[in-house]
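Residue strings, one per chain:
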Amino acid sequence: MMHTKTLFDKGNLKYFFIWLISLLLSGLLKLLGYLNPNVLLINNFLILLLVFGPALIVTIVLVFNKFSNS
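Residues numbered from 1 in each chain as written. Predicted model: local features only at pLDDT ≥ 70, side-chain atom pairs only at ≥ 80, totals over all residues. Heavy atoms only, no water.

Visitor: Help me understand the overall build of the chain, please; the structure alone is not making it clear to me.
Guide: Helices and strands together make up the secondary structure of the chain, namely 2 helices and 0 strands. Within the structure as shown, the chain displays about 6,700 Å² of accessible surface, and the carbon and sulfur contribution to it stands at 75%. (Helix = DSSP H or I, 4+ residues; strand = E, 2+ residues; numbered from the N terminus. Areas by Shrake-Rupley, 256 points an atom, 1.4 Å probe, with all protein chains shown as cover.)

Here you go:
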C-alpha cells in the first residue's frame, strides 16, 4: 500500500498551530477594537506589521526547521 502525504500528517501540525495562533490573535484584536474604538490608532507601521508579520513568522519557522534537519 502506497502512503501518500496529506495535509493532516503529524509533520504539518505546527503550521496548523501557527494558523490557530494567528486567528486567535486577530480575533482578540478585533474584540479589543470593538470594545475600545478610540484606543487602536491605525497608522502605517501597524498596517505593515499586520501584513508582513505572519509571513515573517512562517519564514522564521521554515528556516529554523531547515537548519535543524541539516
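Structure shown, so let's carry the discussion forward.
Visitor: Explain a nonpolar patch on the surface to me, please; I cannot follow it from the model alone.
Guide: A cluster of nonpolar side chains, contributed by I42, F45, I47, L48, L49, V51 and F52, occupies part of the molecular surface with about 750 Å² of accessible area. As for its position among the elements, I47 is in helix α2 (residues 44-69). (Patch = residues over 30% accessible without salt bridge, like charges linked within 9 Å, V, L, I, M, F, W, Y side chains within 5 Å. Salt bridge = Lys/Arg side-chain N within 4 Å of Asp/Glu carboxyl O.)

Visitor: Which parts of the structure should I look at to understand the packing of helix α1 (residues 13-35) against α2?
Guide: Geometrically, a packed helix pair is captured by the angle between its two axes and the distance between the axes. With their axes 12 Å apart at the nearest point, α1 and α2 run at an angle of 160° to one another. Our classification of the angle between α1 and α2 gives roughly antiparallel. Where α1 crosses over α2, the handedness of that crossing is right-handed. Only L50, V58, V61, L62 and N65 of α2 make contact with α1, whose side of the interface consists of K14, Y15, I18 and L29. (Axes fitted to C-alpha atoms, helices over the stretch in contact; angles between N-to-C directions. Parallel < 35°, antiparallel > 145°, perpendicular 65-115°, else oblique. Left-handed = near helix turned anticlockwise from the far one by under 90°. Contact = heavy atoms within 4.5 Å.)

Visitor: What exactly am I supposed to notice about α2 here?
Guide: Since there are 3.6 residues in each turn of an α-helix, residues three or four apart along the chain are aligned in direction. Across its 26 residues, α2 extends 37 Å between first and last C-alpha, which sits within 8% of the 38 Å expected from 1.5 Å per residue. When the local axis directions of α2 are compared, the greatest deviation, roughly 40°, occurs at F52, which is followed within four positions by the proline P54. (Expected span 1.5 Å × (residues − 1). Bend = angle between axes of the 7 residues up to and from the residue.)

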